[in-house]
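What the coordinates show
So the chains spell out like this:
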Amino acid sequence: MLEEIANIARNCQRCVVLTGAGISAESGVPTFRGKDGLWGKFKPEELATMDAFLANPKVVWEWYNWRRQIIGEVKPNPGHYALCELEEMFTNFTLVTQNVDGLHRVAGSRNILELHGNINLNKCVECSQKYPDDLEINPDDIPGCPNCGGQIRPDVVWFGEMLDATIISQAFDKSAKADLFFSIGTSTLVHPAASLPLEAKRSGATLVEINIEATPLTTLADFHIAELSGVFLPNLLERIKSISA
Ligand code: BV8
Ligand code: ZN
């Protein structure tokens, strides 16, 4: 399959990559639904929703501070770096991520669409005024927005919240025009992100799924690679380079 995918990649111009928590797992960032996943201990509706925040801002901030602390200590892995090099091999390359850990940016990827925001950014829960990411938030004394007095919250997209309209429409537009679409390290359960590979497939793209487990997308994919993304992606890169030489 590696050879086949490398040959296809060599002959494509427009590539879209969708990543989920799985691509950061090898960096040490817990996934959401895996066996040691974040959600295993907590429920999405308990923590990543506006209702949860309004009901219990202290618990929600304790959870985000814990995740910020983990993310502050990790580095991109070979999978993130391979995507940076892959970006240079296509005339049109878009990296769409559901992750809020910012690791693609740290690794050097350029054309990134962060669908769900960035965990290190803050905003006001009332007026959405953005606040600097170096704001240390004490869950017992959550700062108020100097603008309107509303509480400061993480600037991420919670369940039941709309994604940034420009970002999500760009992601659908790129997916509809892609010749090659990689879905990497995502359980494809969360919408609207999970519809992007369907859009690409419907528009004629070759669909490659890289996931150590099967997902609802697996039967639709042209290729399912049940390998660690941090292992497969560097191998794919080397193979593309060797056939381009
Ligand atoms: C919206 C940011 C319109 C916060 C996240 C019913 C009621 C209410 C809503 C809904 C509903 N049905 C559908 C919805 C819509 C809802 C949704 O999709 N719910 C799902 C759960 C059914 N979506 C929304 O609410 C979205 N907004 O639709 O607005 C609207 C408005 C009002 C009312 C309705 C609709 C907003 C969704 C965004 C939520 N925010 N995160 C934060 O991070 O704190 S989502 C969260 O899940 C993360 O962003 C994460 O990225 C995302 C998806 O998870 P994955 O990335 O896929 O991670 P997961 O752990 O699940 O999977 C990892 C995979 O990697 C696994 O498959 C594993 O096998 C694999 N893997 C692990 N290691 C490796 C690997 N693969 C390869 N290599 C490895 N090494
Ligand atoms: Zn405010």
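Above this text sits the structure in question.
Predicted, not measured: the structure shown is a model, and the values here were computed from it. (Residues numbered from 1 in each chain as written. Chains lettered and ligands numbered in written order. Predicted model: local features only at pLDDT ≥ 70, side-chain atom pairs only at ≥ 80, totals over all residues. Heavy atoms only, no water.)

Moving on, we come to the packing of aromatic side chains. Applying the stated criterion across every chain yields a total of four aromatic pairs. The structure contains a cluster of three or more aromatic residues connected by ring pairs, namely Phe53, Trp63, Tyr64 and Trp158. The side chain of Arg67 reaches across the aromatic face of Trp63, ending 4.5 Å from its centre. The ring of Trp158 is capped by Arg153, whose NZ or CZ atom sits 3.7 Å from the centre of that ring. (Phe/Tyr/Trp six-rings, centres within 6.5 Å; stacked < 30°, edge-to-face > 60°. Lys NZ or Arg CZ within 6 Å of the ring centre and 35° of its normal.)

Turning our eyes to something else, we now look at the sheet that holds strand S6 (residues 152–156). Strand order across the open sheet formed by three strands is S5-S4-S6, with antiparallel pairing between neighbours. Edge strands, defined here as strands with exactly one partner in the open sheet, are strand S5 (130–131) and S6. Where strand S4 (residues 117–124) lies against S6, four bridges are found, and the strand directions are antiparallel. Looking at S6, one finds that Lys123 is bridged to Arg153. (Pairing = 2+ DSSP bridges. Helix = DSSP H or I, 4+ residues; strand = E, 2+ residues; numbered from the N terminus.)

Moving on, we come to the pattern of salt bridges. Across all of its chains, the model carries 14 salt bridges by this definition. Here Lys130 ties to Asp155 by a salt bridge, and the two come within 2.7 Å at their closest N and O atoms. Of this pair, Lys130 sits in strand S5 while Asp155 is found in strand S6, placing the two residues 25 residues apart along the sequence. A relative accessible area of 52% means that Lys130 is categorised as exposed. For Asp155, a relative accessible area of 8% gives the class buried. Taking the shortest distance from any N to any O, the salt bridge between Glu161 and Arg153 comes out at 2.7 Å. The exposure class of Arg153 is buried, given its relative accessible area of 1%. Each of Lys58, Glu62 and Asp140 takes part in one network of salt bridges that share partners. (Salt bridge = Lys/Arg side-chain N within 4 Å of Asp/Glu carboxyl O. Buried < 20%, exposed > 50% of the residue type's maximum accessible area, 1.4 Å probe, protein only.)

Let us look at the coordination of the zinc ion (ligand 2). Around the zinc ion (ligand 2), the donor atoms from the protein are Cys124 (SG), Cys127 (SG), Cys145 (SG) and Cys148 (SG), and they sit 2.2 to 2.3 Å away. Sequence positions of the residues that donate to the zinc ion (ligand 2) give the spacing C-x2-C-x17-C-x2-C. Of this pair, Cys127 sits in the loop between S4 and S5 while Cys145 sits in the loop between S5 and S6, and the two are 18 residues apart along the sequence. For Cys145, a relative accessible area of 3% translates into the label buried. (Donors = N, O, S within 2.8 Å, 3.2 Å for Na, K, Ca; no water.)

What follows concerns unusual backbone geometry. Residue His191 is joined to Pro192 through a cis peptide bond whose omega torsion reads 0°. Checked against the element boundaries, Pro192 lands in the loop between strand S7 (180–184) and helix H10 (196–202). For Ser128, which is not glycine, the phi torsion reads 65° and is therefore positive. Counting through the fold element by element, Ser128 comes out in the loop between S4 and S5. Residue classification places Ser128 among the partly exposed residues on the basis of a relative accessible area of 37%. The phi dihedral of Thr188 is positive, around 45°, even though this residue is not glycine.

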